[in-house]
Amino acid sequence: MPFHPKLLTAVVCVFAMIGCGAKAGGEAAGRAPGKAPASTATKAATQQSGDEAPAAEKSGGFDGKRAFAQVAKQVGFGPRPSGSEALGRLQEYIQSELTSYGCNVDTDSFTADTPAGRLPMKNIVAKIPGGKPGIIMLATHYDTKLMPNFVGADDAGSSTGVMLEIARLLCSKHGNYQMWITFFDGEEAMKEWSDTDSRYGSRQMAAKMAMSGDLAKVKAFLLADIVGTRPPRFKRESDSTKWLVDLVWDTARKLGYRNVFLDESLEVSDDHNPFLKRKVPAVDVIDLENYPGGNLYYWHTPEDTLDKVSPKSLAITGHVFLESIKQLQSK
Ligand SMILES: [Zn+2]
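Residues numbered from 1 in each chain as written. Predicted model: local features only at pLDDT ≥ 70, side-chain atom pairs only at ≥ 80, totals over all residues. Heavy atoms only, no water.

Q: Could you give an account of the state of the cysteines, with specific residues and numbers?
A: Per the stated rule, a full pass over the model turns up 1 disulfide. Across the disulfide from Cys 103 sits Cys 171; the S-S distance is 2.0 Å. The disulfide joining Cys 103 to Cys 171 has a torsion of about 100 degrees about its S-S bond and is therefore right-handed. In this pair, Cys 103 is assigned in the loop between α5 (85–100) and β1 (104–114) and Cys 171 in the loop between α6 (153–170) and β4 (175–184), connecting sequence segments 68 residues apart. As far as the burial class goes, Cys 103 and Cys 171 line up, both buried. (Disulfide = S-S within 2.5 Å. Helix = DSSP H or I, 4+ residues; strand = E, 2+ residues; numbered from the N terminus. Buried < 20%, exposed > 50% of the residue type's maximum accessible area, 1.4 Å probe, protein only.)

Q: Kindly report on the coordination of the zinc ion, identifying the contributing residues and their values.
A: Around the zinc ion, the protein contributes the donor atoms Asp 155 (OD), Glu 188 (OE) and His 300 (NE2), which lie 1.9 to 2.2 Å from the metal centre. In the primary sequence, the donor residues of the zinc ion line up as D-x32-E-x111-H. Taken together, the positions of Asp 155 in helix α6 and Glu 188 in the loop between β4 and α7 (200–212) put the pair 33 residues apart, joining distant regions of the chain. Of the two residues, Asp 155 and Glu 188, both sit in the buried class. (Donors = N, O, S within 2.8 Å, 3.2 Å for Na, K, Ca; no water.)

Q: Residues and numbers for the pairing of strand β6 (residues 234–237), please.
A: Inspection of the sheet shows β6 paired to strand β7 (residues 261–266) by 3 bridges, in the parallel sense. Paired with Arg 236 across the bridge in β7 is Ser 265. (Pairing = 2+ DSSP bridges.)

Q: Any details on the packing of helix α4 (residues 64–76) against helix α10 (residues 311–329)? Residues and values, ideally.
A: Here α4 crosses α10 at 115 degrees, and the two axes come no closer than 8 Å. On the basis of their axis angle, the class for α4 and α10 is roughly perpendicular. Note that α4 runs across α10; the crossing there is right-handed. On the side of α4, the interface is formed by Gly 64, Ala 67, Phe 68 and Val 71, while α10 contributes Pro 311, Leu 314 and Ala 315. (Axes fitted to C-alpha atoms, helices over the stretch in contact; angles between N-to-C directions. Parallel < 35°, antiparallel > 145°, perpendicular 65-115°, else oblique. Left-handed = near helix turned anticlockwise from the far one by under 90°. Contact = heavy atoms within 4.5 Å.)

Q: Residue-level account of the side chain of Glu 188, with values.
A: There is no salt bridge for the buried Glu 188, and the closest opposite charge comes from Lys 145, which lies 5.0 Å off by N-O distance. A distance of 3.3 Å separates the side chain of Glu 188 from the side chain of His 300, its partner in a polar contact. (Lys, Arg positive; Asp, Glu negative; His and termini not counted. Salt bridge = Lys/Arg side-chain N within 4 Å of Asp/Glu carboxyl O. Polar contact = N/O pair within 3.5 Å; in protein donor to acceptor, adjacent residues only side chain to side chain.)

Q: Give me the lowdown on the pattern of salt bridges, citing residues and values where you can.
A: The full count for this structure, using the stated rule, is 18 salt bridges. In this structure, Asp 106 and Lys 127 form a salt bridge, with 2.8 Å as the shortest nitrogen-oxygen distance. Taken together, the residues span a long stretch of sequence, with Asp 106 in strand β1 and Lys 127 in strand β2 (residues 117–128) at a distance of 21 residues. For Asp 106, a relative accessible area of 37% puts it in the partly exposed group. Close ionic contact of Arg 118 with Asp 113 constitutes a salt bridge, the shortest N to O distance being 2.9 Å. When sorted by exposure, Arg 118 lands in the same class as Asp 113, which is exposed.

Q: Can you lay out the packing of aromatic side chains for me, pointing to particular residues and giving the numbers?
A: Evaluation of the coordinates by the stated rule reveals 7 aromatic pairs. With a centroid separation of 6.2 Å and an interplanar angle of 35 degrees, the aromatic rings of Phe 184 and Phe 275 are classed as tilted. Of this pair, Phe 184 sits in strand β4 while Phe 275 sits in helix α9 (residues 273–276); the two residues are 91 residues apart in sequence, bridging distant segments of the chain. The exposure class of Phe 184 is buried, given its relative accessible area of 0%. Considering the side-chain rings of Phe 221 and Phe 275, the 4.3 Å spacing of their centres and the 20 degrees angle between planes classify their relative orientation as stacked. Here Phe 221, found in strand β5 (residues 218–225), pairs with Phe 275, found in helix α9; they are 54 residues apart in sequence, far enough to count as distant. Among the residues examined, Phe 221 registers a relative accessible area of 0% and is labelled buried. Here the aromatic residues Phe 184, Phe 221 and Phe 275 are joined through ring pairs into a cluster of three or more. (Phe/Tyr/Trp six-rings, centres within 6.5 Å; stacked < 30°, edge-to-face > 60°.)

Q: Lay out the packing of α5 against α6 with the relevant residues and their values.
A: Contact geometry of α5 with α6 gives a least axis separation of 9 Å together with a crossing angle of 25 degrees. Classed by the angle they form, the pair α5 and α6 counts as roughly parallel. Considering only the axes of α5 and α6, their crossing is right-handed. For the pair formed by α5 and α6, the contact residues are Tyr 93, Ile 94, Glu 97 and Leu 98 on the first element and Thr 160, Leu 164 and Ala 167 on the second.

Q: Explain α4 to me, using residue names and the numbers behind them.
A: Taking 1.5 Å of rise per residue, the 13 residues of α4 would be expected to cover 18 Å, and the 18 Å separating its terminal C-alpha atoms lies within 8% of that figure. When we look at burial in α4, the residues that qualify are Gly 64, Ala 67, Gln 70, Val 71, Gln 74 and Val 75. Viewed end-on, α4 has its buried residues packed into an arc of 140 degrees, placing them on one side of the element. Turned more than 90 degrees away from the buried face of α4 sit Lys 65 and Gly 76, all of them exposed. (Expected span 1.5 Å × (residues − 1). Arc of directions from axis to C-beta.)

The structure is reproduced here in structure tokens:
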């Protein structure tokens, strides 16, 4: 982990909260919704303007309004932890959406041993054929943290909405390389974030792809997680593969999003780790300003509701992903 005094607060938060989910949950549970700083911030957030998604042609065809509607749809299913009935309904919805876009859909149902018992989980993958050998993977998780009244609009509704919209745009097109748009189950820890309690879906998929030989074909793995914040602030994830981070960040700058894709760095544990560990070039685009006063003050609390998600932030993320894919497809 790189040490940087300016980043110390953020890094501590990341490790205290992402790295120790149960602790974060405990803190969150202890924060009464409606108490001062959080409710004030909620009010401010809902009153902000300039938050509308631009017309799709201004963000490379990506329709931020549609992506936002996909977030609303997910929130409508209620809390969606792994193994829940609500997540089952979302799985059906994701599969039917992907099919309606003309995607070939593969699923992998498996059982995970977790501190909350044996749970059924399912990874869902939209596969788009390509002419050349090689796979470009996009990924998000779609389960929400096991916590009362937690509907996970930003975590993980936002990135799931972005990936559904990207699938809608890309499933009808063939690229040079195959594209796999992946929806992981079981990213969240059931109790406390650790290598064995978290990232169940991505660990399953990386292991399975290593066995089948598909993993060696992956040219790049691009993960989105928590991308609906307003305003969004993405830092370079320090474990991610440098050339791929540079490609995404350079693309963002060319598109005019310099103030969103920042030069600071931050280390985050997430669904890209099982792929990085197996030498797959990977990048995680995530907003983790999850300390008091940061954009993500509502992270892993029941306040992660639809009003926190900005259609404009979804559009920026979608735009950068689409243009980055174009770059990768031309390599
Ligand atoms: Zn989370």
